[in-house]
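# A structural walkthrough
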Amino acid sequence: MFPAKFDYYRASTVQEALDLLDAHDEAKLLAGGHSLIPMMKLRLAQPPALIDIGRIAELSGISRDGSSMRIGALTRHAEIAASELLHRECPLIAEAASKIGDPQVRNKGTIGGNIAHADPASDLPAVLIASGATIHLLAAGGSREVAAGEFFVGLLTTALGANEVITHLSVPAQPANSGSSYLKVEHPASGYAVCGAAAIVTLGADGNCSAAALCYNGITDSACNAEAVAGALAGGALDDATIGAAVDDHLAISDPLGDVHASGEYRLHLAKVYGKRALKRARDRARA
Ligand SMILES: Cc1cc2nc3c(=O)[nH]c(=O)nc-3n(C[C@H](O)[C@H](O)[C@H](O)COP(=O)(O)OP(=O)(O)OC[C@H]3O[C@@H](n4cnc5c(N)ncnc54)[C@H](O)[C@@H]3O)c2cc1C
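Definitions and cut-offs
Residues numbered from 1 in each chain as written. Predicted model: local features only at pLDDT ≥ 70, side-chain atom pairs only at ≥ 80, totals over all residues. Heavy atoms only, no water. Core = buried A, V, L, I, M, F, W, Y, C linked by side-chain atoms within 4.5 Å. Buried < 20%, exposed > 50% of the residue type's maximum accessible area, 1.4 Å probe, protein only. Helix = DSSP H or I, 4+ residues; strand = E, 2+ residues; numbered from the N terminus. Domains from an automatic or database assignment. Pairing = 2+ DSSP bridges. Contact = heavy atoms within 4.5 Å. Axes fitted to C-alpha atoms, helices over the stretch in contact; angles between N-to-C directions. Near = heavy atom within 4 Å. Polar contact = N/O pair within 3.5 Å; in protein donor to acceptor, adjacent residues only side chain to side chain. Areas by Shrake-Rupley, 256 points an atom, 1.4 Å probe, with all protein chains shown as cover. Nonpolar A, V, L, I, M, F, W, Y, C, P; charged D, E, K, R; others polar.

### What to know about the nonpolar core
Leu86, Ile93, Ile115, Leu128, Ile135 and Phe151 are the most contacted members of the largest nonpolar core, which has 40 residues in total. Per-element accounting of this core gives the leading share, six residues, to helix α8 (residues 124–131). If you count residues domain by domain, this core takes at least three from each of domain 2 (63–172) and domain 3 (179–287). One finds Ala199, Leu203, Ile243 and Ala286 within the second-largest nonpolar core, a separate group that totals 29 residues.

### Quick look at the sheet that holds strand β14 (residues 224–225)
One open sheet holds the four strands; their spatial order is β11-β12-β13-β14, and the pairing between them is antiparallel. Each end of this open sheet is capped by a strand with a single partner; those strands are β11 (178–186) and β14. One ladder, built from two bridges, connects strand β13 (residues 209–217) with β14; its direction is antiparallel. Directly across from Cys215, in β14, lies its bridge partner Asn225. Running at roughly 20 degrees to β11, helix α5 (residues 91–98) makes contact with β11 and β12 (193–203) of the sheet. Lying over the sheet, α8 contacts β11, β12, β13 and β14, oriented at roughly 160 degrees with respect to β13.

### Regarding the site of the ligand
Close to the ligand lie 31 residues; Leu29, His34, Ser35, Leu36 and Thr110 are nearest. Side-chain polar atom of Ser35 to an oxygen atom of the ligand: 2.5 Å apart, as the coordinates give it. For the ligand, a nitrogen atom lies 3.1 Å from a polar atom in the side chain of Tyr192. Calculation on the ligand without its partners gives an accessible area of 980 Å², and the protein chains cover 91% of this total. Top contributing element to the shell around the ligand by residue count: helix α7 (residues 111–117), with four residues. Its residues assigned to classes, the shell around the ligand comprises 13 nonpolar, 14 polar and four charged.

Honestly, it's all geometry; don't read function into it.
Right, here's the structure in full:
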């Protein structure tokens, strides 16, 4: 399959990318190309112009920024999975990145492209919501920040404006006395999440749960936050029975996706099973 005809531009700075976006209606940014190029080959996307940002050094890299970690939009999944800083401070995102696709996808795909594409089966959205991450956007008119919980709007749809570039993400360091876990049931060919469960739990001085988060990929048309489960766990003991009851009694997901890989009913079943497992593993890691 061949894409429709398009013009190609390569930007060497973020400013150049912004100028090109303003100059070319309906143009698309090209990062790793692992979602956009397949869409173009299938003629599901036919941008008249591509603006290649893949060589803009200022968009790449991982560093500490106060109590958060700064991850450039062009940072590849493989770099995130291998980052010692992230393993230490934000282990949930490093764990999820290590489970994306296969080595080729992890070596080409970028975090900015992944979240801009907003595939419901992507691994990063639920992880970023559970972590309380912030997404930093830049346009010719200025910059703005969007909380991950408000960035993912629906199927392949985000809060990103047409002429905006994702420059970087801020991911808060995981609190002391906490543990996290990302578990997924993956599609056997692509690795995409049929169900991905991201959990973080923090223990108080008494050993009880002082805070929890549980978010899912692959279950609905965009990542969903099981806030009621987290609320039910806060303040209580984190034994297996309490975790089981919190998920069984408080997990409320409407309109689950159903497709050739899994029915909606099966996805809801997976959400319960993997939500409990992810919370238990996060608790065990917090206690270790
Ligand atoms: C075989 C295969 C298996 C995969 N398996 C998984 C998996 O298991 N889990 C998973 O999460 N993902 C998976 N992916 C997707 C992969 O993670 C891609 O990296 C990701 O979806 C897109 O990133 P990219 O850098 O290739 O973006 P591109 O394809 O270049 O761009 C995607 C979209 O993002 C926009 N964009 C890119 N960068 C920016 C930016 N900085 N600012 C604004 N917009 C931007 C583009 O304009 C385009 O609309 C898979 C892909 C393939 C091909």
